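An overview of the molecular structure
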Amino acid sequence: MKKTIGLLALVLITATSFAQERGGRENRNEDRKEKREDFKDMYKDLTPDQIAELKTKKMALELDLSDAQQKDIFSLNKDMATKHKAKMETFKDKKEKGEKPSSEERYEMMKNRLDEQLAVQTKMKNILNEDQYKMWKRSQHNKHGKREHRMAARK
């Protein structure tokens, strides 16, 4: 009798834990979507100067930047934020019109994005010292690795 009750309790606990796990994943995905929307809303109303300042301060905390490095990185971040805002406006206009980019346009966008990333990487290598650059490179890899992992999970 005790064995039967023990076995029944074990089955019940196992079934309950599996049921909670599935619901947890769905809730986490919804939470991520909400956080992403909140993040978009937060940055939507900021100017490129404000975005650049926030990113620069965050990098200063992570990499222990000098004042000269902060100025150089601020100008780099401001330039990137300005370009990003312009691109987002273009994408928004096209989306409202219902236009989708052709395969050639997508190829050009990807190529330009990679060219910009290479340029930023070169500039960061010139601004940061060796240890700071390694830390920045590691943070970039972690950020992009998480994004790729999430995209692979969607498929």
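A short tour of the structure in this document, coming up. (Residues numbered from 1 in each chain as written. Predicted model: local features only at pLDDT ≥ 70, side-chain atom pairs only at ≥ 80, totals over all residues. Heavy atoms only, no water.)

Secondary structure summary: the protein contains 5 helices and 0 strands in total. Of the regular secondary structure in the protein, the N- to C-terminal order runs α-α-α-α-α. Residue burial in the protein is summarised as follows: out of 155 residues, 13% are buried. Contacts in the protein between residues at least 24 apart in sequence constitute 58% of all its contacts with a sequence separation of at least 6. Total accessible area on the protein is roughly 13300 Å²; 56% of this is exposed by carbon and sulfur atoms. (Helix = DSSP H or I, 4+ residues; strand = E, 2+ residues; numbered from the N terminus. Buried < 20%, exposed > 50% of the residue type's maximum accessible area, 1.4 Å probe, protein only. Contact = heavy atoms within 4.5 Å. Areas by Shrake-Rupley, 256 points an atom, 1.4 Å probe, with all protein chains shown as cover.)

Met59, Ala60, Leu63, Leu65, Ile73, Leu76, Val120, Met124, Ile127, Leu128, Tyr133 and Trp136 form the largest nonpolar core, which has 12 residues in total. Taken together, the elements giving at least two residues each to this core come down to α2 (48–63), α3 (67–97), α4 (103–127) and α5 (130–154). Setting aside residues no more than four positions away along its own chain, Tyr133 makes contact with Gln121, Met124, Lys125 and Leu128. (Core = buried A, V, L, I, M, F, W, Y, C linked by side-chain atoms within 4.5 Å.)

Okay, the side chain of Thr56 next. Relative to the elements of secondary structure, Thr56 occurs in helix α2. When residues no more than four places from it in sequence are discounted, the contact partners of Thr56 are Leu65, Gln70, Ile73, Phe74 and Asn77.

For the coordinates displayed, the defined rule picks out 5 salt bridges. A salt bridge links Asp79 to Lys83, with the shortest nitrogen-to-oxygen separation between them at 3.6 Å. Of this pair, Asp79 and Lys83 both sit in helix α3, 4 residues apart, roughly one helical turn. Taking relative accessible area as the criterion, Lys83 reaches 40% and is therefore assigned partly exposed. When the shortest N-O distance is used, the salt bridge between Glu130 and Lys134 registers 3.6 Å. Taken together, the residues Glu130 and Lys134, both in helix α5 and 4 residues apart, mark about one turn of the helix. (Salt bridge = Lys/Arg side-chain N within 4 Å of Asp/Glu carboxyl O.)

Take the packing of α2 against α3 next. Where α2 contacts α3, the axes come no closer than 8 Å and their chain directions differ by 135°. Taken together, the axis directions place α2 and α3 in an arrangement best described as oblique. Seen along the crossing, α2 lies across α3 with a hand that is right-handed. Residue-level contacts link Pro48, Asp49, Ile51, Ala52, Glu53, Lys55, Thr56, Met59 and Ala60 of α2 to Gln70, Ile73, Phe74, Asn77, Lys78, Ala81, Thr82 and Lys85 of α3. (Axes fitted to C-alpha atoms, helices over the stretch in contact; angles between N-to-C directions. Parallel < 35°, antiparallel > 145°, perpendicular 65-115°, else oblique. Left-handed = near helix turned anticlockwise from the far one by under 90°.)

Attention shifts here to α4. Every α-helical turn comprises 3.6 residues, leaving residues that sit three or four positions apart pointing alike. In this model α4 runs 36 Å from its N-terminal to its C-terminal C-alpha over 25 residues, within 8% of the 36 Å that 1.5 Å per residue would give. Residues of α4 that are buried: Val120, Met124 and Ile127. (Expected span 1.5 Å × (residues − 1).)

A few words on the packing of aromatic side chains. The full count for this structure, using the stated rule, is 1 aromatic pair. Seen in terms of ring centroids, Tyr133 and Trp136 are 5.9 Å apart; in terms of plane orientation they differ by 35°. Their pairing is tilted. Taken together, the positions of Tyr133 and Trp136, both in helix α5 and 3 residues apart, correspond to about one turn of that helix. Classification of Tyr133 by relative accessible area gives buried; the value is 12%. (Phe/Tyr/Trp six-rings, centres within 6.5 Å; stacked < 30°, edge-to-face > 60°.)

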